[in-house]
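# Working through the structure, step by step
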Amino acid sequence: MGIMPIDTLRVFPFVGGWIADRLLGDPAGWPHPVVWFGRWIAAGERRWNHGERRRLKGSCLAIGLIVGVFLATYGVLWIAHGIDPRLGASLTAVGVFYCLAGKTLASEVKAVFEAVERSVEDGRRQVARIVGRDTSALSPQEIRAAALETLAENLSDGVVAPMCWFAVLGLPGMMAYKMVNTLDSMLGYKNERYIDFGRTAAKIDDAANYLPARLTAGLMLLVGHAWGKRDFVGRFGRAHLSPNSGYPEAALAAILDCRFGGTHDYFGQAVEKPYIGTNNRPFTNDDMRRAIQVNTNAELVMGLLVVATLVIF
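Residues numbered from 1 in each chain as written. Predicted model: local features only at pLDDT ≥ 70, side-chain atom pairs only at ≥ 80, totals over all residues. Heavy atoms only, no water.

### Here we look at a nonpolar patch on the surface
- A cluster of nonpolar side chains, contributed by Tyr74, Val76, Trp78, Ile79, Ile83, Leu87 and Leu91, occupies part of the molecular surface with about 700 Å² of accessible area.
- Looking at the nonpolar patch, the elements that each hand over two or more residues are helix 3 (54-83) and helix 4 (85-99).
- Looking at which element gives the most residues to the nonpolar patch, the answer is helix 3, with five residues.
- With respect to the helices and strands, Ile83 occurs in helix 3. (Patch = residues over 30% accessible without salt bridge, like charges linked within 9 Å, V, L, I, M, F, W, Y side chains within 5 Å. Areas by Shrake-Rupley, 256 points an atom, 1.4 Å probe, with all protein chains shown as cover. Salt bridge = Lys/Arg side-chain N within 4 Å of Asp/Glu carboxyl O. Helix = DSSP H or I, 4+ residues; strand = E, 2+ residues; numbered from the N terminus.)

In structure tokens form, the structure reads like this:
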């Protein structure tokens, strides 16, 4: 019997890894590839983000790490399949598990709402775990808004986009996407330190998320029974500073009939984000529960679409 090709029957390890993420989330203390990615990026940034030609050096770092992760993942799977196809399938399932963040995201957002009920300081500390902005002066309303914005944005970054790239390029593509996303989260800021060095990382992330972000918004409207608000999403999604993040945020704003956006501080610099939506109302625990349900249902539909794609093609 010949060795199973590396792209054959990816559906089974995909489903296994997806189920594992839904059951386990991100267990504390477990090793995680994204942590390793972050260390490699930080080491490269310390070594090269100074002097002249920062944009070129940042481009080389970003492209080198993305291509390196893709080739390394492909090589490991190729060797594993050569030893035993079941070993390759098992490693693929483990990789899928580590690349998805659906349950962890929902748990973190729920924890933010619970923390802010106890005290504003607890809420600020909890939301700081999942957002990049300065949380030290956020009001309870701003804490809840930040958590919901992150829930919508990371449905794309943490679930839909990785699934999309798995459907297209298998686990190597999925892992490479996680490196793209990690690079952007660490280097993709428009401040003096990163404006040149992180420019290529940010542009690659924009390209990698262009279709997934819009697909995420469509799935959210579909499962949130708000398909008729597509014009709302198109109008406010385009207004966001990011070419992608605004679409899932606008979809959630449409579903909840609320408003996101405003001025936030990043690394001591005020960043004024356009408002998404018009109804500036208080957020409640019911909003959190409904948003999590929308995320869960959108993830389910996306997972089934990936399974169908893998089976058909």
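### Things to note about helix 4
- End to end, helix 4 covers 21 Å across 15 residues, agreeing with the expected 21 Å (1.5 Å per residue, within 8%).
- On its buried face, helix 4 sits against helix 1 (11-24), helix 2 (33-48), helix 3 and helix 7 (140-187).
- If you check the start of helix 4, you find a side-chain oxygen 2.9 Å away from the backbone N of Arg86, and it comes from Asp84. (Expected span 1.5 Å × (residues − 1). Contact = heavy atoms within 4.5 Å. Polar contact = N/O pair within 3.5 Å; in protein donor to acceptor, adjacent residues only side chain to side chain.)

### Points about the packing of aromatic side chains
- Tallying each qualifying case throughout the model produces eight aromatic pairs.
- Consider the rings of Tyr189 and Tyr194, whose centres lie 6.2 Å apart with planes at 45°: the pair is tilted.
- We classify Tyr194 as buried; its relative accessible area is 11%.
- Residues Phe232 and Phe236 carry aromatic rings whose centres are separated by 4.6 Å and whose planes lie at 45° to one another, so their mutual orientation is tilted. Here Phe236 and Phe232 lie together in helix 9 (residues 230-239), a separation of four residues that amounts to about one turn.
- Lying over the aromatic face of Phe166, Arg10 brings its terminal NZ or CZ to 5.7 Å of the ring centre. (Phe/Tyr/Trp six-rings, centres within 6.5 Å; stacked < 30°, edge-to-face > 60°. Buried < 20%, exposed > 50% of the residue type's maximum accessible area, 1.4 Å probe, protein only. Lys NZ or Arg CZ within 6 Å of the ring centre and 35° of its normal.)

### Details of the environment of Val96
- By the element assignment, Val96 lies in helix 4.
- Val96 sits in the buried class, given a relative accessible area of 0%.

### Topic: the packing of helix 3 against helix 4
- Packing of helix 3 against helix 4 brings their axes to within 5 Å, and their N-to-C directions diverge by 145°. The segment helix 3 lies against helix 4, with Val76, Leu77, Ala80, His81 and Ile83 engaging Pro85, Leu87, Gly88, Ala89, Leu91 and Thr92.
- Of the residues contributing to the contact of helix 3 with helix 4, the split by class is eight nonpolar, three polar and no charged. (Axes fitted to C-alpha atoms, helices over the stretch in contact; angles between N-to-C directions. Nonpolar A, V, L, I, M, F, W, Y, C, P; charged D, E, K, R; others polar.)

### Some thoughts on unusual backbone geometry
- A positive phi angle, close to 55°, is found at Arg53, a residue other than glycine.
- Along the polypeptide, Arg53 turns up in the loop between helix 2 and helix 3.
- Under the relative-accessibility criterion, Arg53 is labelled exposed at 66%.
- Although it is not a glycine, Asp257 sits at a positive phi angle of roughly 50°.
- Within the element layout of this structure, Asp257 appears in the loop between helix 10 (246-256) and strand 1 (260-266).
- Since its relative accessible area comes to 44%, Asp257 is described here as partly exposed.

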